Amino acid sequence: MEAFKLICCLLLLSVSPMFAQKVPAAGEISGTVLDSASRKPLRIASVSLLHARDSAYVTATTTGGDGDFLFRRIAPGPYRLLVTFMGYKNISLPIAVTRDAPLNVGTLLMTEQGTQLNEVVIKQERAPVTIKQDTIEFNAGSFKTQPNAQVEELLRKLPGVEVARDGSIKANGQAVNKVLVDGKPFFGNDPKMATRNLPADIVDKVQMYDQSSDQSQFSGVDDGDRERTINITIKKDKGKGYFGQNALGAGPKSGEQSARYEAKLNVNRFNNHNGGPNRQISLIGQANNLNQQNFTIGEGGGPQFVGQPGGDGDDGPSAPSNITEVAALGANYRTESSTVKWGKRSEMAASYFANRAVTTTDRQSHRENILPGQSFLTDQSNYSKNTLLTHRINGRFDLPIGSLTSLRLTPNISFQTKDLLSKSDSYSYRSLTDSLNRGLTHYDLHGTALNGYNNLLLMRKFRKEGRSLSANLNTVLTTGNSTAYNRSENTFFDTLTAGPRQNIDQRNAQNQSALQNTMTVSFTEPLSFTKKLEFRYAYSNNFGKLFRNVANKSGETDQYDQPDASLSRNFVNTFETNRLGATFQTRRLRYTIALGADAQLASLRPVDRSTDAVYRTRYGYLMPNALFSYTFRGNRNLRLQYRTRVVSPGITQLIPIADNSNPLSISIGNPDLRPEYYHNLTLTFSTSSRGGTDNFFVFSSFNQSNNRIGVSTVTNGSGVQVTTPINTKGFMSGNGFVAWSKKIEPLRLSVNLSTQGSIARNTNVINESDNVTTSTSVGQGIRLQSDYNGRIDYGLSARITYQQARYSLLSQQNMQYWSQYATGDVHWQLPGNLAIASDLTYTGNTGRAEGYNQRFLLWNASVSKQFLRTRQAEVRLQVFDLLNQNRSLVRNTGDAYIEDVRSRVLKRYFLISLVYNLRKFGV
């Protein structure tokens, strides 16, 4: 905690000279905007305040119901007032703010503009921030970025937007899962492909909104399926030409680490037609061993390989727990309008992306296992090398069929091969003098998998306004084949004599597949101009099968020719649902109310073909839903939503055989599982003022279920654990998030405060006794971001989190701990085309097992020299982990254990790179 306080003090001291300067007293600016002919107020006109010297964005607002506007706390100095309104000529007015008295610019009269096509072209200056109903639109030119910056750096400048180190994005506290380019997907649905591969200087506008499903957008009835989305539009003068960033870099070997390298290929050819997107071609490639990916590994839900030990993934997006070497190459193509042969309004987009990722994990863990009246400890070391080769094909095709009917096809295919080598050594004990077991396991797996996803949407409008019919067929196909070899030596102890030894040498050949088809039909009928009724029917069939053949190695033949019937199975499962429902919706200018309910009949039919056992069950559910959304004056919005959902158990949870890939922790399926039924209540409230520079956001969610799938754990006297999934009662979870952001203009500083908390209550069974686990977490964060003088960008942030877990079965194992995180980053553009960048991160925690608490600093720095006439090229020297302190220590808490994990991560390295930014427009 002392080190955390120290780093916070250092961060504050680093900018204290800026705060120590005398900040001028604040002034006010007010006025009224009217129509010049009718003298009527113009409501929601955009009023922006710009610096007089360079037209840099200061703040913005919109006019009220009387056409009035007001700016408070404005530093004295010269400014330019810009007023814009659709269909009217802009007003640009030079003003000067003093500390003596408020400034009233009086009545500003806006004149309607008339244009005669093909004769006059009128160009208007855009406001930095424009609010259009539920969409906030930023003019990218008003937010300065450093030369050759990527879109990710531009997003960091926008009010209310947070970009984490791993590239994940939050907008007003909500995670952004989709980033579009000109309203269309770019390389499928991976946000990083757009934010980390497109340059900031080609962006015209950035739009933020909640996007509903395709079928909901067409029907006009909100189905509650919304996704926070950012749309990037390209400048018209940059929409035709070539651009991209390319780089080569290398670094020497450091200690036990091999030499570092980096290669990046990025070439884009955009060709706009009449100002609109017509054809886009992109080629993107990357290769490095720096734990850097300009894409998401496994995006879209990669294939699953069943029956493998864990320990080959990351513990979290901001703290890698392994070392990854990647190589990737992909192409994206999009075209529309008359260039597509099958229709004037047709559109198509397709992309192919291949990547190879080699992930090396070397970790040690300390786990405290919770049992009634006692506990035991497990120390484990694990080394694994996981090689994934993935091919992804994404497409989107919009095909008009007549004037009232259209068809949208969205296919996605991924193919993956996996090679996994894992070695683990574990030791379990009650005390240093009371041993339970020791195990050494070697696990090798090779597998292939194919995932297919397709969404087919048929949309039909009728002559009557508001009447529509749509049919959506969603298909998901997953197939996988794997062969694994499990070789383990296990020793079991008791208090008197050495226990028996167990040797396993098995081959596990597995074939798994699943096919799910869901057809949803929606018919909407308008009852009036504001009221609409939707009828819908959905049929879903989810069929899965798993064939597992386990054989032991024969000492006589040295072959795997001894089948093990107790571990082998031929198992299939079918989950079928029929769902019928209706929703009544009222939509007015400021509010939307929707009430609906569905009746669902479900059939779950697991079949064990090896024993001819059939476990068929039928269920009926009433699934209500409700939505209330209200937009207040002053750009405030409240949204309250209630939904219910049913989740079927997976086939690996149902199959009644043991998975002994870890012989000391065995899992067995349960064919008597019932589907999970959840209630979910979500509340969001947001308010934005001063053109989006002052924001307040609240998000809360509550989930409840009385038949959630939990686990039953049985531990024998030798410490071997056997877990079985069961349905449990009393599950509930809640989480909340509050964010507040504000721009302090005299310091050109944005302040973001965020508070988050969560609570969860779950029941599981340990050695036939109920164990109720209650876990809580609360955290407070702050982020400061500024481009203080246009050449220096800096950011400071800190977060402290408190977590605790309480167990009803063994209260003496209740735990609590603190985590602290602080970081500072700066980018300084020096004379002579030199640039310096640096970031410093402190991570600390307390309350963990001995040897697993951590306090360390991660310091990265770089210096670059830009050259060529347009500064398109640069030479860059980077240092990662300058203090050589990087590490990864993570705490995991479960219903029956507490675990601390320490992993080997990438340490200090040096890298020198040559970077070339391709820019050639108008050709």
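Every chain is numbered on its own, with residues counted from 1 as its sequence reads. Where totals are concerned, whole chains, interfaces and linings use all residues; where local detail is concerned, this predicted model gives features only for residues with pLDDT of at least 70, and gives and counts side-chain atom pairs only at 80 or more. Here the side-chain values reflect all heavy atoms present in the structure, with hydrogen atoms and water set aside.

1. A closer look at the overall build of the protein
Item 1. Every helix listed is a DSSP run of H or I at least four residues long, and every strand listed is a run of E at least two residues long, numbered separately from the N terminus. Each helix and strand counted, the protein has 5 helices and 50 strands in total.
Item 2. Accessibility here uses a 1.4 Å probe with only protein chains present; expressed as a share of the type maximum, an area under 20% marks a residue as buried, one over 50% as exposed, and anything in between as partly exposed. Looking at the protein residue by residue over its 923 residues, the buried ones come to 50%.
Item 3. The criterion used for residue contact is that any of the two residues' heavy atoms lie within 4.5 Å. Put simply, 66% of the contacts in the protein that link residues at least 6 apart link residues at least 24 apart.
Item 4. Surface accessibility follows the Shrake-Rupley procedure with a 1.4 Å probe radius. Residue values consider only the protein chains on display as shielding. With the model as given, the accessible surface of the protein reaches about 42,400 Å², and the carbon-plus-sulfur share is 55%.

2. Some remarks on the sheet that holds strand S5 (residues 77-84)
Item 1. The 4 strands are arranged S3-S2-S5-S6 in an open sheet whose pairing can be described as antiparallel. The strands lining the two open edges of the sheet, one partner per strand, are strand S3 (57-62) and strand S6 (91-97). Across the sheet, the mean angle separating the axes of adjacent strands is 25 degrees when strand polarity is ignored.
Item 2. Relative to S5, strand S2 (residues 46-51) runs antiparallel, the two being bridged by 6 bridges. Bridge pairing in S5 places His 51 opposite Tyr 79. At least two DSSP bridges between two strands are needed for those strands to be called paired. Simply put, an axis is a line fit to the C-alpha atoms, just over the touching stretch for a helix, and the angle between two N-to-C directions goes from 0 to 180 degrees.

3. Observations concerning the pattern of salt bridges
Item 1. For salt bridges, the criterion is a side-chain nitrogen of Lys or Arg within 4 Å of an Asp or Glu carboxyl oxygen. All told, the structure shown has 23 salt bridges when counted by the stated rule.
Item 2. Its salt-bridge partner being Lys 464, residue Glu 525 comes within 3.0 Å of it at the nearest N-O pair. Of this pair, Glu 525 sits in strand S26 (residues 498-526) while Lys 464 sits in the loop between strand S24 (434-461) and strand S25 (468-493); the two residues are 61 residues apart in sequence, bridging distant segments of the chain.
Item 3. For Lys 464, a relative accessible area of 39% puts it in the partly exposed group.
Item 4. For Arg 569, the salt bridge identified is with Asp 608, shortest N-O distance 2.7 Å. Of this pair, Arg 569 sits in strand S29 (residues 569-587) while Asp 608 sits in strand S30 (residues 591-608); the two residues are 39 residues apart in sequence, bridging distant segments of the chain. Per residue, the accessibility class of Arg 569 equals that of Asp 608, and both read buried.

4. Observations concerning a nonpolar patch on the surface
Item 1. Residues Val 826, Trp 828, Ile 836, Val 863, Phe 867, Leu 868, Val 875, Leu 877, Ile 912, Leu 914 and Tyr 916 make up a contiguous nonpolar surface patch of about 910 Å² in total accessible area.
Item 2. Counting residues per element, the ones that place at least two in the nonpolar patch are strand S44 (815-830), strand S46 (854-867), strand S47 (873-880) and strand S50 (909-921).
Item 3. No other element matches S50, which puts 3 residues into the nonpolar patch.
Item 4. Residue placement: Trp 828 occurs in strand S44. A patch consists of residues whose relative accessible area exceeds 30% and which take part in no salt bridge; residues with like charges are grouped when within 9 Å of each other, and nonpolar side chains (Val, Leu, Ile, Met, Phe, Trp, Tyr) when within 5 Å.

5. Observations concerning the side chain of Asn 332
Item 1. Looking at the element boundaries, Asn 332 is found in strand S20 (residues 323-336).
Item 2. Classification of Asn 332 as buried rests on a relative accessible area of 6%.
Item 3. Pairing of N or O atoms within 3.5 Å defines a polar contact, subject to two protein rules: one partner must be a possible hydrogen donor and the other a possible acceptor, and residues neighboring in sequence count only if both atoms are side-chain atoms. At 3.2 Å, the side chain of Asn 332 forms a polar contact with the backbone nitrogen of Phe 187.
Item 4. Residues within four places of Asn 332 in sequence aside, it is in contact with Phe 186, Phe 187, Gln 280, Ile 281, Ser 282, Ala 350 and Ser 351.

6. Brief notes about unusual backbone geometry
Leave glycine aside and you will find that most residues have negative phi; peptide bonds, for their part, are mostly trans.
Item 1. Positive phi, close to 60 degrees, is recorded for Asn 291, a residue that is not glycine.
Item 2. When you line up the elements, Asn 291 lands in the loop between strand S19 (276-288) and S20.
Item 3. Despite not being glycine, Asp 881 has its phi angle at roughly 55 degrees, a positive value.
Item 4. You can see Asp 881 is positioned in the loop between S47 and strand S48 (888-893).
Item 5. Using a relative accessible area of 0% as the deciding quantity, one classes Asp 881 as buried.

7. Notes on the packing of aromatic side chains
Item 1. Ring geometry is summarised as follows: Phe, Tyr and Trp rings, the Trp one being its six-membered ring, pair when their centres sit within 6.5 Å, and such pairs are stacked at plane angles under 30 degrees, edge-to-face over 60 and tilted between the two. Tallying each qualifying case throughout the model produces 17 aromatic pairs.
Item 2. Between the aromatic rings of Tyr 485 and Tyr 560, the centroid separation amounts to 5.4 Å while the plane-to-plane angle is 55 degrees, which identifies the pairing as tilted. Separated by 75 residues along the polypeptide, Tyr 485 in strand S25 and Tyr 560 in the loop between strand S27 (531-552) and strand S28 (562-563) bring together distant segments of the chain.
Item 3. Judged by its relative accessible area of 15%, Tyr 560 falls in the buried class.
Item 4. Consider the rings of Tyr 591 and Tyr 630, whose centres lie 6.4 Å apart with planes at 10 degrees: the pair is stacked. Note that Tyr 591 is positioned in strand S30 and Tyr 630 in strand S32 (residues 617-632), a separation of 39 residues in sequence.
Item 5. Accessibility expressed as a relative area gives 27% for Tyr 591, which makes it partly exposed.
Item 6. Given a relative accessible area of 26%, Tyr 630 falls into the partly exposed group.
Item 7. Here a set of aromatic residues connected by ring pairs shows up, and it is made of Phe 186, Phe 187, Phe 295 and Phe 353.
Item 8. Placement of a charge over a ring requires the Lys NZ or Arg CZ to be within 6 Å of the ring centre, with the centre-to-atom vector within 35 degrees of the ring normal. Positioned over the ring face of Tyr 678 is Arg 645, at 4.4 Å from the centre of the ring.

8. What about the environment of Ser 482?
Item 1. As for its placement among the helices and strands, Ser 482 is situated in strand S25.
Item 2. Owing to a relative accessible area of 7%, Ser 482 belongs among the buried residues under this scheme.
Item 3. Sequence spacing of Ser 482 and Thr 448 is 34 residues, and the spatial spacing of their C-alpha atoms is 6.4 Å.

9. Section: empty space enclosed by the protein
Item 1. Whether a set of points on the 1 Å grid over the protein atoms alone is a cavity depends on a 1.4 Å probe fitting there but being unable to get out, while an open set qualifies as a pocket with protein on both sides within 12 Å along at least five of seven lines; lining residues are those with an atom within 4 Å of a point. Grid points are joined across faces, edges and corners, and a volume is the space filled by probe spheres set on the points. Throughout the structure, instances matching the rule amount to 4 cavities of 30 Å³ or more.
Item 2. Approximately 100 Å³ is the volume attributed to the largest cavity.
Item 3. What lines the largest cavity is a set of 15 residues, among which Asn 486, Gln 506, Asn 508, Asn 660 and Ser 661 lie closest to the centre.
Item 4. Elements with a minimum of two residues in the lining of the largest cavity: S25, S26, S27 and strand S34 (658-659).
Item 5. Class assignment of the residues belonging to the lining of the largest cavity gives a composition of 6 nonpolar, 6 polar and 3 charged. Gly is put with the polar residues, along with every residue not named as nonpolar or charged; the nonpolar set is Ala, Val, Leu, Ile, Met, Phe, Trp, Tyr, Cys and Pro, and the charged set is Asp, Glu, Lys and Arg.

10. What to know about the pairing of strand S49 (residues 897-903)
Item 1. Across the 7 residues of S49, 5 count as buried, placing the element largely inside the fold.
Item 2. Bridge count between strand S21 (residues 347-371) and S49: 7 bridges; the pairing is antiparallel. Looking at the pairing, Asn 369 lines up with Tyr 897 of S49.

11. Overview of the nonpolar core
Item 1. Each nonpolar core is a collection of buried residues, namely Ala, Val, Leu, Ile, Met, Phe, Trp, Tyr and Cys, held together in the definition by side-chain atoms within 4.5 Å. Counting residues in hydrophobic clusters, the biggest one holds 38 residues, and the most contacted among them are Leu 155, Ile 169, Phe 186, Val 203, Val 206 and Ile 230.
Item 2. Setting aside residues no more than four positions away along its own chain, Leu 155 makes contact with Val 161, Val 163, Ile 169, Thr 195, Val 206 and Ile 230.
Item 3. Judged by nonpolar contacts, the second largest core, of 20 residues, contains Val 33, Ala 75, Val 105 and Leu 108.

12. Some details on the pairing of strand S42 (residues 769-787)
Item 1. Relative to S42, strand S41 (residues 749-766) runs antiparallel, the two being bridged by 18 bridges. Bridged to Arg 761 within S42 is Thr 774.
Item 2. Here S41 folds back onto S42, and the loop between the two strands holds 2 residues, one of which, Asn 767, carries a positive phi near 50 degrees.
Item 3. Where S42 and strand S43 (residues 792-807) come together, 15 bridges link them in antiparallel fashion. Note on S43: the bridge partner recorded for Gln 785 is Gly 795.

13. Details of the sheet that holds strand S1 (residues 27-35)
Strand pairing in a sheet relies on backbone hydrogen bonds, with the paired strands running either antiparallel or parallel.
Item 1. Read across the sheet, 3 strands follow the order S4-S1-S7 without closing on themselves; strand pairing throughout is mixed. The two strands at the open ends of the sheet, each matched to only one other strand, are strand S4 (68-74) and strand S7 (103-110). Between one strand and the next, the sheet's axes are offset by a mean angle of 15 degrees, whatever the strand orientation.
Item 2. As defined by bridge partners, S1 adjoins S7 across 6 bridges and the pair is classed as parallel. The residue bridging Ile 29 from the neighbouring strand is Leu 103, located in S7.

14. Here's the deal with the side chain of Ser 540
Item 1. Here Ser 540 is to be found in strand S27.
Item 2. One polar contact links Ser 540 to Thr 518, side chain to side chain, over a distance of 3.1 Å.

15. Here's the deal with the environment of Asp 182
Item 1. When you line up the elements, Asp 182 lands in the loop between strand S13 (178-181) and strand S14 (184-185).
Item 2. Given the relative accessible area of 17%, Asp 182 is considered buried.

16. A few points about the confidence of the model for the protein
Item 1. Per-residue confidence for the protein gives a mean pLDDT of 84; residues scoring 70 or more make up 88%.
Item 2. Confidence scores labelled pLDDT are given residue by residue by the predictor and lie between 0 and 100. Here residues 6-24 scores under 50 on pLDDT; set against residues more than four positions off or in separate chains, the count is 23 contacts.
Item 3. Within the model, the stretch residues 339-344 combines pLDDT values under 50 with 12 contacts to residues more than four positions away or in other chains.

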